[in-house]
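Chain by chain, the residues run as shown.
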Amino acid sequence: MIGLIKKDVLLMQSYLKNLLLITAMFSGLSLINENYSFLAVSLPCMFSILCFTLISYDDYYHWDAYSLTLPIDSKDSVRSKYIVSTCLLAFGTILGTALSFAVITVKDLSVPGKEVFLTAFAGFFTASVLMSLMYPIAYRFGTEKGRFVIFGIFAGISIFIVLLGKTLMNTTLRLQSIADFFTGSGKYLLIPLILIIISVSYCISCKIFTRKEY
């Protein structure tokens, strides 16, 4: 397992340099626009997309077929990627939070620390959902077709959210009360929800991976 994790980390080294360069550019834009929330939300999502890169490398070098000849459990290959991706996601969240506080400090913005952490947590939750969707799709359809499938899913989700928002606006349900719930005690429900989503995604990915034919 440690060897598999090290393999994925080494594959990410060159890509991480480019990602950190993009992070520096985003930090500059946030300073100019005085918008800390962009960093807190976008960085976790950017780091979560790296899971697609990991599978792309494996597809290019036919690693999945080769791994079946090694004395390792086939599920370990999937588990190592989830571990690496989750660590990268957590790193992106911490980095985004730190840079958000830096923007607030440099620009002398009056933003409560609690608001920064809530925004970063929202980014972490969104990135976790993205990662949990991308892995099963990438294992099932491959990285090339998987990109189109994910694009279609995200387009459908966006349309659903827009229609749902319009529906809620026409009802007596107050959107502010929903927001207050998730920024209050409801935020603690998101932690077990993240664990459930990632666990279900992992189980689906393992099932797809073990049933693939090479």
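Our structure is the block above this text.
Here we summarise the structure given alongside this text. This structure is a prediction, so every number in the text was calculated from the model and none was measured. (Residues numbered from 1 in each chain as written. Predicted model: local features only at pLDDT ≥ 70, side-chain atom pairs only at ≥ 80, totals over all residues. Heavy atoms only, no water.)

## Remarks on the nonpolar core
Turning to step 1, where the next piece is worked out: Core analysis: the largest hydrophobic core is formed by 34 residues, its most contacted members being V78, Y82, M131, Y135 and Y139.
Turning to step 2, where the next piece is worked out: Among the elements of the structure, α1 (2–33), α2 (37–48), α3 (50–60), α5 (74–107), α6 (113–169) and α8 (187–211) are those that each provide at least two residues to this core.
Turning to step 3, where the next piece is worked out: It is α6 that provides the largest number of residues to this core, a total of nine residues.
Turning to step 4, where the next piece is worked out: If we ignore the near neighbours within four places in the chain, the residues touching Y135 are C51, L54, I55, K81, Y82, S85, S201 and S205. (Core = buried A, V, L, I, M, F, W, Y, C linked by side-chain atoms within 4.5 Å. Buried < 20%, exposed > 50% of the residue type's maximum accessible area, 1.4 Å probe, protein only. Helix = DSSP H or I, 4+ residues; strand = E, 2+ residues; numbered from the N terminus. Contact = heavy atoms within 4.5 Å.)

## Overview of the environment of D59
Turning to step 1, where the next piece is worked out: Checked against the element boundaries, D59 lands in helix α3.
Turning to step 2, where the next piece is worked out: The exposure class of D59 is partly exposed, given its relative accessible area of 30%.
Turning to step 3, where the next piece is worked out: Excluding its chain neighbours within four sequence positions, the residues that come into contact with D59 are D64, G142 and T143.

## Quick look at the pattern of salt bridges
Turning to step 1, where the next piece is worked out: Applying the stated criterion across every chain, the model contains three salt bridges.
Turning to step 2, where the next piece is worked out: Put simply, D8 and K7 hold a salt bridge, and the shortest N to O gap is 2.8 Å. The residues D8 and K7 share a single accessibility class, namely buried.
Turning to step 3, where the next piece is worked out: The partner of K81 in a salt bridge is D8, with the nearest N and O atoms 3.7 Å apart. Here K81 is found in helix α5, whereas its partner D8 is found in helix α1, with 73 residues between them in sequence.
Turning to step 4, where the next piece is worked out: Relative accessible area serves as the criterion here: at 0%, D8 is assigned to the buried category.
Turning to step 5, where the next piece is worked out: Linked by salt bridges that have partners in common, K7, D8 and K81 make up one network. (Salt bridge = Lys/Arg side-chain N within 4 Å of Asp/Glu carboxyl O.)

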